[in-house]
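Tertiary structure, described
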Amino acid sequence: MSRNTIDYRPFELPLPPGRARALPWISVIAASAVTAILPVVASLALMPPLGLLLLLTWRLLARFALRPWAAAPLGLFDDLVSGQPLGSSVLLWSLCFIAIDLIEQRLVFRDFWQDWLIATGAIAFCLTVGRWIALPLGAHVDPVLLAQIVITVMLFPLAVRAVAWIDRRRGDAA
Amino acid sequence: MAPARDRRTGFSRRRQYSAFFGYVLAVAGAVVGAALLAASIFNPPAFSTARMAVASVTAPVASLLDSGTDAIASVPQAIGTWINVHGENAALRAELKRHDALLSKARVIAYDNRRLRGLLRVRDRTPEPVLTARLVASTASSGRRFALLNAGRVQGVTPGMPVLGPEGLVGRVLESGPIAARVLLITDPESLVPVRRTRDGLPAIAAGRGDGRVDIRSVGAANVRFAPGDMFVSSGIGGLYAPGVPVARVERAGSDSVVATPYAPPDAVDFVIVERPFMPMPPPLPPRAGPAVSPAAPAR
């Protein structure tokens, strides 16, 4: 990725490999934790699941940044802070990773719009099934859920910019 | 994006095995997730220790951010009070709200008096507060409505304690960690609070809807009419919440099940009072010594 841009500081040392490999993990965990430390007692679940968003972005934009099995431990942390029953993100995020792998075998040349489409499907799947797991069917949360899905999908380009920025800082070490 | 041909691992056994086990682990992660999910659905408090351990780290950060936000939010508030009308308006509103609570309380007292006169003996207890704390964060991305309280077992908060705001009932403590606790708000879809109408003591259930309001459902009697403005207070049935705490007010007329607004909307509450359960669960029976001891033995 850094080969396509002008390198203004060619003699700067890249990050050590350990730290470069940890950065994607740290960014996803931090995004999950934002939900838990944001000082708002919300009446409605409108906050986008930032951990899921960053995880999908890392997977679609820089696929070797996270191991194929990284979704399960990252989902476990998200479950501990998100309020969903423990195991729901572990399961859903792992299924997303497997599904993206299957798509990648068939759709080898992807552009940004197809990435966005894949992310849309994954976000809608995770949020809808997560609602179905966590809440009784009679709960009146479906319009809010739709709004939450739309907000999260609309944040994908921003997440791509953020991940691309972090990935450029990481360098080619990892 | 160019395709990544990482499945062609070449002749290196190490790369072949690591690629293979990567996918094995990915599928295993999904399987473990399904198992964890089944465990936590059938036994919801199963992983509360892990959750509360993480919450003990996030709660101090959240309370720091919370007080920071409060400080920033107080600047425009301070400017606003310079404008006389604004301050007067706020004072009048506060007074109205105070009187509202007083009125509902007075109605409850009148009803209680009427009822108690008919009874010979009533065990009555005044709920004692455990402490005052802050709601610092919530599960804003999940449909469940939990809030994080910045006090835990060290401060004496244990599961089952009711949580009250200045205007009314907020919820109850569901899990408690060392310095943080998770509060189930009354607007959560799984929350049920036994209530009664202040006017005539009609029993009902306040069930959370998940969208910041509660459903008032009548208990027992069929074809019950609810009028807009009907006030509901906790009834004390079940022994968890003390009777007479304001819970919700009916929005629109209806029968049997109507939508009501809580008196203490959780997004407007900052400080809350944690109380002891009104009638705590009786201590568990001592284990029997053996099959030889029969229940009829002391009667002889």
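Residues numbered from 1 in each chain as written. Chains lettered and ligands numbered in written order. Predicted model: local features only at pLDDT ≥ 70, side-chain atom pairs only at ≥ 80, totals over all residues.

1. Some details on the overall build of chain A
Within chain A, the secondary structure is distributed over seven helices and zero strands. Going from N to C terminus, chain A has its helices and strands arranged as α-α-α-α-α-α-α. Whereas a compact globule of 174 residues would reach a radius of gyration of roughly 16 Å, chain A reaches 17 Å, a difference of no more than 12%. Each principal axis of the C-alpha atoms in chain A carries an extent, and together these give about 60 × 40 × 25 Å. Counting only residues that meet the buried cut, chain A has 47% of its 174 residues in that class. When contacts within chain A are restricted to residue pairs at least 6 apart in sequence, long-range pairs at least 24 apart make up 72% of them. (Helix = DSSP H or I, 4+ residues; strand = E, 2+ residues; numbered from the N terminus. Rg over C-alpha atoms; globule rule 2.2 N^0.38 Å. Buried ≥ 20, exposed ≤ 12 C-beta atoms within 10 Å, placed from the backbone. Contact = placed C-beta atoms within 7 Å.)

2. Some words on the interface of chain A and chain B
Interface extent is often summarised as the accessible area lost during association of the parts. Contacts between chain A and chain B engage 49 residues on the former and 49 residues on the latter. Looking at the side of chain A that touches chain B, the elements that each hand over two or more residues are α1 (17-37), α3 (71-82), α4 (88-106) and α5 (112-134) of chain A. Ranked by residue count, the leading element in the side of chain A that touches chain B is α4(A), at seven residues. Here the residues of the side of chain A that touches chain B sort into 35 nonpolar, 10 polar and four charged. (Nonpolar A, V, L, I, M, F, W, Y, C, P; charged D, E, K, R; others polar.)

3. Details of unusual backbone geometry
All names here are of chain B. Of note in this structure, D256 is not a glycine but carries a positive phi near 70°. Relative to the elements of secondary structure, D256 occurs in the loop between β12 (254-255) and β13 (257-262). What makes D256 partly exposed here is the crowd of 14 C-beta atoms within 10 Å.

4. Topic: the sheet that holds strand β6 (residues 192-197) of chain B
Note: strands within a sheet are paired through backbone hydrogen bonds, in either parallel or antiparallel orientation. Residues and elements named next belong to chain B. Taken together, the six strands give a closed barrel; going around it, the order is β6-β7-β8-β13-β11-β10, and neighbouring strands pair in antiparallel fashion. Averaged over all pairs of adjacent strands, the angle between strand axes in this sheet comes to 40°, irrespective of strand direction. Pairing of strand β8 (residues 214-218) with β13 involves four bridges; the strand directions are antiparallel. In the strand pairing of β13, V214 is matched with A260. (Pairing = 2+ DSSP bridges. Axes fitted to C-alpha atoms, helices over the stretch in contact; angles between N-to-C directions.)

5. Examining the sheet that holds strand β1 (residues 129-138) of chain B
All names here are of chain B. Strand order in the closed barrel formed by six strands is β1-β2-β5-β4-β3-β14, and the pairing between neighbours is antiparallel. On average, each strand axis in the sheet is tilted by 45° relative to the strand beside it, whichever way the strands run. The pairing of strand β3 (residues 162-164) with strand β14 (residues 271-275) spans two bridges and is classified as antiparallel. Each bridged residue has a counterpart across the sheet, and for V163 the counterpart in β14 is V274.

6. Notes on the packing of α4(A) against α5(A)
Helix packing for two helices is described by the angle between their axes and how far apart those axes are. Residue and element names in this part refer to chain A. Where α4 contacts α5, the two axes come as close as 10 Å, and the packing angle between them is 155°. What the angle tells us is that α4 and α5 run roughly antiparallel. The two elements α4 and α5 cross, and the hand of that crossing is right-handed. For the pair α4 and α5, the contacting residues are S88, L92, C96, I100 and I103 in the first and I118, A122, C126, V129, G130, I133 and A134 in the second. Taken together, the residues of the contact of α4 with α5 sort by class into 10 nonpolar, two polar and no charged. (Parallel < 35°, antiparallel > 145°, perpendicular 65-115°, else oblique. Left-handed = near helix turned anticlockwise from the far one by under 90°.)

7. Here we look at the UniProt feature "transmembrane region" (unreviewed entry) in chain B
UniProt's feature table lists "transmembrane region" (unreviewed entry) at residues 20-42 of chain B, given in the numbering used throughout. From the first C-alpha to the last, residues 20-42 of chain B spans 34 Å; its make-up is 100% helix and 0% strand. (UniProt positions renumbered as here; feature names shortened; annotations may be inferred.)

8. Considerations on the packing of helix α2 (residues 50-61) of chain A against α5(A)
All names here are of chain A. Between α2 and α5, the least distance of the axes is 10 Å, while the angle of their chain directions is 145°. As for the relative orientation of α2 and α5, their crossing is right-handed in sense. Contact residues: L52, L56 and L60 in α2; D115, I118, A119, A122, I123 and C126 in α5. Of the residues that constitute the contact of α2 with α5, the class distribution is eight nonpolar, no polar and one charged.

9. A closer look at the UniProt feature "domain: Rod shape-determining protein MreC beta-barrel core" (unreviewed entry) in chain B
Here, the residues flagged by UniProt with the feature "domain: Rod shape-determining protein MreC beta-barrel core" (unreviewed entry) are residues 137-274 of chain B. Helix makes up 0% of residues 137-274 of chain B and strand makes up 45%, while its end C-alpha atoms are separated by 16 Å.

10. A word on the nonpolar core
Counting residues in hydrophobic clusters, the biggest one holds 111 residues, and the most contacted among them are B:V183, B:A206 and B:V247. What B:V183 contacts, discounting residues up to four positions off in sequence, is B:L135, B:F146, B:A147, B:L149, B:V163, B:V170, B:G171, B:R172, B:V173 and B:L174. (Core = buried A, V, L, I, M, F, W, Y, C linked by C-beta atoms within 7 Å.)

11. Points about the confidence of the model for chain B
Per-residue confidence for chain B averages 83 on the pLDDT scale, and 86% of its residues sit at or above 70. Averaged pLDDT values for the elements of chain B fall to 82 in helix α3 (residues 84-118) of chain B and rise to 93 in strand β5 (residues 181-185) of chain B. (pLDDT = per-residue confidence, 0-100.)

12. What to know about α4(A)
A rise of 1.5 Å per residue sets the reference length of α4(A), with its 19 residues, at 27 Å; its end C-alpha atoms lie 28 Å apart and thus fit the reference within 8%. For α4(A), every residue scored as buried is listed here: A:S88, A:S89, A:V90, A:L91, A:L92, A:W93, A:S94, A:L95, A:C96, A:F97 and A:I100. Packed against the buried residues of α4(A) are α2, α3 and α5 of chain A together with α1 (13-42) of chain B. (Expected span 1.5 Å × (residues − 1).)

13. Here we look at helix α6 (residues 142-154) of chain A
Residue and element names in this part refer to chain A. Helix length check: α6 (13 residues) gives 18 Å between terminal C-alpha atoms against 18 Å at 1.5 Å per residue, within 8%. Within α6 the residues assigned to the buried category are L145, Q148, I149, T152 and V153. The buried residues of α6 occupy an angular sector of 130° when projected down its axis, which confines them to one face. The outward face of α6, more than 90 degrees from its buried face, is lined by the exposed residues P143 and M154. Where α6 is buried, its residues contact α2, α5 and α7 (156-170). (Arc of directions from axis to C-beta.)

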